[in-house]
Amino acid sequence: MAMSILKLRNLSALRSAANSARIGVSSRGFSKLAEGTDITSAAPGVSLQKARSWDEGVSSKFSTTPLSDIFKGKKVVIFGLPGAYTGVCSQQHVPSYKSHIDKFKAKGIDSVICVSVNDPYAINGWAEKLGAKDAIEFYGDFDGKFHKSLGLDKDLSAALLGPRSERWSAYVEDGKVKAVNVEEAPSDFKVTGAEVILGQI
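Residues numbered from 1 in each chain as written. Predicted model: local features only at pLDDT ≥ 70, side-chain atom pairs only at ≥ 80, totals over all residues. Heavy atoms only, no water.

**Focus: the UniProt feature "active site" (unreviewed entry) in the chain**
Put simply, the test is: UniProt positions are given in the numbering used here, feature names are shortened, and annotations may be inferred rather than shown by experiment. To qualify as a helix, a DSSP run of H or I must reach at least 4 residues; to qualify as a strand, a run of E must reach at least 2; elements of each kind are numbered from the N terminus. Only heavy atoms matter for contacts: two residues are in contact if any of them lie within 4.5 Å across the pair.
The feature "active site" (unreviewed entry), as annotated in UniProt, sits at Cys89 in this numbering. Mapped onto the elements of the fold, Cys89 is located in helix α5 (residues 87–99). Apart from the residues lying within four places of it in its own chain, the contact partners of Cys89 are Leu81, Pro82, Gly83, Val94, Pro95, Trp126 and Arg167.

Structural data, given as structure tokens:
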């Protein structure tokens, strides 16, 4: 009897490990980010790093941007993605927001923000390559604290990315989350594109 239970437990552990290694399988728990959440209170003391060149980082003394400066008194659309220079992020996610930027402005959105668990220098080079810096504000979450605070962190070691984030989007008004979407798997692009969030504003 004991051997049977042990075998079942081992089989369950193996299946769990296999599922976690598959990028297309969601192992996401419940995110702390929900409608009504005050995003600045949910991530107390956390700052983001605006995309910049290394020289700009040095001249700014490696300054960071408090969440209150990003969200308070503003209407913001923010989307998070697993990483700069990766497939879906480069080919679909960022382009969807870039191509709809005029529609966001028409709805009174003050800023459209992209955030990723990257240093601000890598995300700056990526944003420039995509030609999206004039339309979208890019921020790094270099240590992942922002996403961890919101329960949106994700281990993507199976894709050699290490600790990263879910693919998600949100509409935030004066710091309060009005709408939020999280993909079932970071490789999906079904509910976090610009057209979906435009319909939620």
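Now that the structure has been shown, the text picks up again.
**Here's the deal with the pattern of salt bridges**
Two side chains carrying opposite charge are able to pair once their charged atoms lie near each other. What counts here: Each reported salt bridge corresponds to a side-chain nitrogen of Lys or Arg within 4 Å of a carboxyl oxygen of Asp or Glu. Classification of residues uses two cut-offs on accessible area relative to the type maximum, computed with a 1.4 Å probe and protein chains only: under 20% is buried, over 50% is exposed, and between them is partly exposed.
Inspection of the entire model under this criterion finds 2 salt bridges. In this structure, Lys72 engages Asp38 in a salt bridge whose closest nitrogen and oxygen atoms are separated by 3.4 Å. Of this pair, Lys72 sits in the loop between α4 (67–71) and β3 (75–81) while Asp38 sits in the loop between α1 (2–21) and α2 (39–42), placing them 34 residues apart in sequence. Across the pair Lys145 and Asp143 runs a salt bridge, and its minimum N-O distance is 3.9 Å. In this structure Asp143 comes out as partly exposed when scored by relative accessible area, which is 28%.

**Points about the packing of aromatic side chains**
How two aromatic rings sit relative to each other is given by the distance of their centres and the angle of their planes. This is how it is decided: Only Phe, Tyr and Trp rings are paired, with Trp represented by its six-membered ring, and only when their centres lie within 6.5 Å; those with planes under 30 degrees apart are stacked, over 60 edge-to-face, the remainder tilted.
One pass over the full model with this rule turns up 7 aromatic pairs. Pairing Tyr85 with Trp126 gives two aromatic rings, centres 6.5 Å apart and planes at 50 degrees, and the pair type is tilted. Pair noted here: Tyr85 is in the loop between β3 and α5 and Trp126 is in helix α7 (residues 120–130), with a separation of 41 residues, a long-range link. For Tyr85, a relative accessible area of 47% translates into the label partly exposed. The class of Trp126 is buried, set by a relative accessible area of 1%. Here Phe146 and Trp168 contribute two aromatic rings whose centre-to-centre distance is 6.3 Å and whose plane-to-plane angle is 45 degrees, an arrangement assigned as tilted. Here Trp168 lies in strand β8 (residues 168–173) and Phe146 lies in helix α8 (residues 145–149), a separation of 22 residues in the sequence. Residue classification places Phe146 among the buried positions, given a relative accessible area of 0%. Ring pairing ties together the aromatic residues Trp54, Phe62 and Tyr121, which thus form one cluster.

**A word on the sheet that holds β3**
Put simply, the test is: Whether two strands pair comes down to DSSP finding at least two bridges between them. Axes here refer to lines fitted to C-alpha atoms; in helices the fit is confined to the stretch in contact. Angles between the N-to-C directions go from 0 to 180 degrees.
The 7 strands are arranged β2-β1-β5-β4-β3-β8-β9 in an open sheet whose pairing can be described as mixed. Bordering the open sheet on either side are β2 (65–66) and β9 (176–182), each of which pairs with just one other strand. Strands β1 (47–50), β3, β4 (111–116) and β5 (137–140) of the sheet are contacted by α7, whose axis makes an angle of about 150 degrees with β5.

**Points about the pairing of β4**
Here is the rule: For a crossover, the right-handed case is the one in which the path from the first strand over the helix to the second runs clockwise, viewed with the strands pointing away from the viewer.
Among the 6 residues that make up β4, 6 are buried, leaving the element largely enclosed by the rest of the structure. Burial of β4 is two-sided: the residues Ser111, Ile113 and Val115 facing one way and the residues Val112, Cys114 and Ser116 facing the other way are all buried. As defined by bridge partners, β3 adjoins β4 across 6 bridges and the pair is classed as parallel. By the bridge assignment for β4, Val76 is matched with Ser111. By the bridge criterion, 4 bridges tie β4 to β5 in an arrangement that is parallel. Residue pairing for β5: Val115 is matched across the bridge by Tyr139. The parallel pair β4 and β5, bridged by α7, forms a crossover whose chirality is right-handed.

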